[in-house]
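Given next are the chains, with one letter for each unit.
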Amino acid sequence: DTGVSQDPRHKITKRGQNVTFRCDPISEHNRLYWYRQTLGQGPEFLTYFQNEAQLEKSRLLSDRFSAERPKGSFSTLEIQRTEQGDSAMYLCASSPRHRGGDIQYFGAGTRLSVL
Amino acid sequence: DQQVKQNSPSLSVQEGRISILNCDYTNSMFDYFLWYKKYPAEGPTFLISISSIKDKNEDGRFTVFLNKSAKHLSLHIVPSQPGDSAVYFCAASVISNFGNEKLTFGTGTRLTIIP
């Protein structure tokens, strides 16, 4: 298994455009998380999926953001009408379901630059 | 509010010596703690974790200590090697058998190992 894969690695867009990112988790990991990291900060939680169900969304996730995980496999994160404040690294992580603590495995991230 | 704090933005240590990275938290509900290491242009990589029922966990050169009464944890790296130079993030979560174990991250400490 090659780990969590994210595509694209970099995305440059103009303000007002829509963008979509993809995350392929480690196979058989049923938990999937999206985080956002800005310069000088640690990653911040955005949303969480258990299989195909989106169970929690952070208040950071405005109505311009939408995430899906059809069939409980890969996930997409879409940002509509991008703003300069959306510029950040978007990280995806997956984990297996087990008791006793959730080790999340991260992808390399998608760096978004909104001009 | 910053629930997980890493008050040292940077730390320099001579190769072969001990590196000690510190982390404080404010949320008493946290019961699982993790350290991640991040190289430039890569996602965070899991290093070591500790449950709140323990006060120490060791894995090779890495040891994490947890002081619940002080809401403080530390990561010890002995001996430090040049490849340890990276940004280290402390993270915390609440263990759940049924759902979201989102991670709350600190702002990171940049460790530089001097040859």
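Above this note sits the structure.
Here's a quick rundown of the structure. The written sequence of each chain sets the order in which its residues are numbered from 1. Numbering of ligands from 1 and lettering of chains from A proceed in the order in which they are written. Per-residue local features of the predicted model are confined to residues with pLDDT of at least 70, and side-chain atom pairs are confined, for both listing and counting, to 80 or more; whole-chain, interface and lining totals are unaffected and use all residues. Only hydrogens and water are set aside; all other atoms, that is, all heavy atoms of the structure, feed into the side-chain values.

Let us now look at the overall build of chain B. Secondary structure assignment for chain B yields zero helices and eleven strands. Along the chain direction, N to C, the helices and strands of chain B fall in the order β-β-β-β-β-β-β-β-β-β-β. In this treatment the radius of gyration is a C-alpha quantity, and the globule benchmark scales as 2.2 Å times the residue count to the 0.38 power. Here chain B has a C-alpha radius of gyration of 14 Å; the compact-globule value for 115 residues is 13 Å, and the two agree. By its C-alpha atoms, chain B is 45 × 30 × 25 Å across when sized along the principal axes. A burial count over chain B gives 45% of its 115 residues as buried. Partitioning the contacts of chain B with sequence separation of at least 6, the portion at a separation of at least 24 is 54%. Only four residue types enter the tally: Lys and Arg on the positive side, Asp and Glu on the negative side; His and the chain ends are excluded. Throughout, a charge is located at the NZ atom of Lys, the CZ atom of Arg, the CG atom of Asp or the CD atom of Glu. Put simply, chain B has 11 plus and 10 minus side-chain charges, and the middle of one group is 3 Å from the middle of the other. Helix and strand definitions here come from DSSP, where helices need a minimum of 4 consecutive H or I residues and strands a minimum of 2 consecutive E residues; each element is numbered from the N-terminal end. Per-residue accessibility, obtained with a 1.4 Å probe over protein chains only, is compared with the maximum for each type, and a residue is labelled buried under 20%, exposed over 50%, and partly exposed between these values. Residue contacts are counted whenever heavy atoms from the two residues lie within 4.5 Å of one another.

At the interface, 22 residues of chain B touch 23 residues of chain A. Two parts placed together each lose some accessible area under a 1.4 Å probe, and adding up what both lose gives the buried area. The junction of chain B with chain A conceals about 1900 Å² of combined surface from both sides, 52% of it contributed by carbon and sulfur atoms. The three residues of chain B that bury the most area against chain A are Asn97, Asn100 and Glu101 of chain B, which together make up 25% of that side's buried surface. Salt-bridge detection follows one rule: a side-chain nitrogen of Lys or Arg within 4 Å of a carboxyl oxygen of Asp or Glu. Between the two partners, chain B and chain A, sit two salt bridges. Among the ionic pairs, Arg31 of chain A bridges to Glu101 of chain B, the shortest N-O distance being 3.5 Å. Here a polar contact means two N or O atoms within 3.5 Å. Within protein one must be a hydrogen donor candidate and the other an acceptor candidate, and residues neighboring in sequence count only if both atoms are side-chain atoms. At the surface where chain B touches chain A, the tally comes to seven residue pairs in polar contact (both at pLDDT 80 or more).

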